[in-house]
Every structure is written in C-alpha cells, then in structure tokens.
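A look at the structure
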Amino acid sequence: MPVLKSYTNGSGHYIHASVRGAVVTFQTTKRGVEKLTAAGVQSGVRFALRLLADLTRTGDAYTHRGGVEFYQAEQFEFDFKESQESEALFPACAVTGTFDDLHLVAHEADGETRTELLAPSARAALGRIKLSVPLSILSPSALTALETTGQLPEGTVAVAALRRWYAEDASAEWDRLRREREKRQQGFSFDLPGELKL
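Residues numbered from 1 in each chain as written. Predicted model: local features only at pLDDT ≥ 70, side-chain atom pairs only at ≥ 80, totals over all residues. Heavy atoms only, no water.

**What about the packing of helix H5 (residues 140–148) against helix H6 (residues 157–167)?**
When two helices pack together, you describe them by how their axes are tilted relative to each other and by the distance separating the axes. What counts is decided by this rule: Lines fitted to the C-alpha atoms define the axes, with helices restricted to the stretch that makes contact. Angles between their N-to-C directions range from 0 to 180 degrees. Where helices and strands are cited, they refer to DSSP runs of H or I of at least four residues and of E of at least two residues respectively, numbered from the N terminus. The scheme is simple: roughly parallel for angles under 35 degrees, roughly antiparallel for over 145, roughly perpendicular for 65 to 115, oblique for anything else. The sense of a crossing depends on the near helix, which, turned anticlockwise from the far helix by less than a right angle, makes the crossing left-handed and, turned clockwise, makes it right-handed. Whether two residues touch is decided by their heavy atoms; if any such pair falls within 4.5 Å, the residues are in contact.
Packing of H5 against H6 leaves a shortest axis separation of 10 Å and a crossing angle of 155°. By the angle class used here, H5 and H6 are roughly antiparallel. As for how H5 packs across H6, the hand of that crossing is left-handed. Packed against H5, whose contacting residues are Pro140, Leu143, Thr144 and Glu147, the element H6 presents Val159, Leu162, Arg163 and Tyr166 at the interface.

Now the structure itself:
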C-alpha cells in the first residue's frame, strides 16, 4: 500500500508506492495532501492504492524526473500483490511497460503519426516528436481539445485507454476512508452526565 511521508525539513509531503514492480516516489500537491488528511491519512500512514491512482488522475500526485528509485531499506515494504493491482490502476509506457514520468506523445513513425504513452527512455529514442504532454497535466477535456485541434489523431488506442483511466471512480473508496475516520473519532468522545450537547 502507498504510504504518505513528510520531508525531514518540513517543506511538504510525498508518497512512496509500488507501481508496476518499482518503488515510485510521487510528489503531491497541497490539495492532494488536504484530500488525504481529510480522509484521515497522516504522515507515515498507508492508504489504498486506488486512492493514489485517483490522486494521479486529478494531477494531485505525480512523478517528477522519473520518480522511480530503488530504496534498499524499503525493498520489502511493498508486496507482489500490490504490483499486480497497480497494473490495473495505472497506465504504462507503451515501450517499457513502466509508470515513469509518462507523457502522451504524438510522433512520426513509418510515415504516419502515432500516439503513445511513453516514459523518458522511450521518448529519448524517438526521432521526430510532434507533441509531448506530461500525464500530470492531461485531463479528459485536454484530450478532446488536442484531438479537435488536430494536434492528436482522433480515435487512437492510447487516448481511448486514457479516457477509460480518467473515467475510473474512487469516490466510494474516499467515502469509506472518511467513514472509518469518523468512527475512530467517535470512539474518543465521552458522554458525561449533565454535559451540554453542542
């Protein structure tokens, strides 16, 4: 399960998670941390992988300059089952199969324009790139605009896969986490005789 962590200098938070077999460091926006804390997730606390995928879809969690690292001390923190689950929850590079600083790329290949999700190493191997947009700033409306303006060919497999990914809904998971938090908080309240109800 992903874990929310704090920078030692107090400058913010980040998330470590196992995604597609690699330990990935996700940067978080202030809004992303607020969503997690509102649901009861504090620094050092694990939370559902589905919620991290949701934060990624909204741009509130993202990889920066790769984000894929191997931490010797944390290698056993994540299990194989999480890696399998992440394959269903996160998009991957069409070439490497990793979730690593993905961009939606339109490029020339064999005289035609191809549209693919690509990691840095796959992008570096391309000759002519027509368009490269980081996954962290894409949205369904951005995909429509890129197709409508002709910057992306319409009806590509990559864009269809992204539309399905954006359509995933994790609101039930967020609600479940909030209810658990409220239940824990209620467990700390004490009703004393003669106490005024506010």
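Still to come is the rest of the account.
**Brief notes about the pattern of salt bridges**
Defined as follows: When a carboxyl oxygen of Asp or Glu is within 4 Å of a side-chain nitrogen of Lys or Arg, the pair counts as a salt bridge. Note on exposure labels: buried denotes an accessible area under 20% of the residue type's maximum, exposed denotes more than 50%, and partly exposed covers the range between, all computed with a 1.4 Å probe on protein chains only.
The final tally for this structure, using the stated rule, is twelve salt bridges. A salt bridge links aspartate 60 to lysine 35, with the nearest nitrogen and oxygen atoms 3.0 Å apart. Pair noted here: aspartate 60 is in the loop between helix H2 (49–57) and strand S4 (61–62) and lysine 35 is in helix H1 (residues 30–38), with a separation of 25 residues, a long-range link. Notably, a salt bridge pairs glutamate 180 with arginine 176, separated by 2.3 Å at the nearest N-O pair. Of this pair, glutamate 180 and arginine 176 both sit in helix H7 (residues 171–186), separated by four residues, roughly a single helical turn. Among the residues examined, glutamate 180 registers a relative accessible area of 32% and is labelled partly exposed. Ionic contacts of the salt-bridge type, sharing partners, join the residues Arg31, Lys35 and Asp60 into one network.

**Things to note about the sheet that holds strand S6 (residues 103–109)**
For the record, the criterion: Think of it this way: DSSP has to see at least two bridges between two strands before they count as a pair.
The three strands are arranged S7-S6-S8 in an open sheet whose pairing can be described as antiparallel. Edge positions in the open sheet fall to strand S7 (112–118) and strand S8 (129–134), since each of these has one partner strand only. Averaged over all adjacent pairs, the angle separating strand axes in this sheet is 20°, with direction ignored. Of the pairings in the sheet, the one linking S6 to S7 comprises seven bridges and is antiparallel in character. In the strand pairing of S7, histidine 107 is matched with arginine 114. Strands S6 and S7 of the sheet are contacted by H6, whose axis makes an angle of about 35° with S7.

**So, the pairing of strand S3 (residues 22–28)**
Most of S3 sits inside the fold, with six of its seven residues counted as buried. Two strands pair when backbone bridges link them, and strand S2 (residues 13–19) and S3 are joined in this way by six bridges, in the antiparallel orientation. When the bridges of S3 are listed, tyrosine 14 appears paired with glutamine 27. Two strands pair when backbone bridges link them, and S3 and S4 are joined in this way by two bridges, in the antiparallel orientation. Counted as the bridge partner of threonine 28 is alanine 61 from S4.

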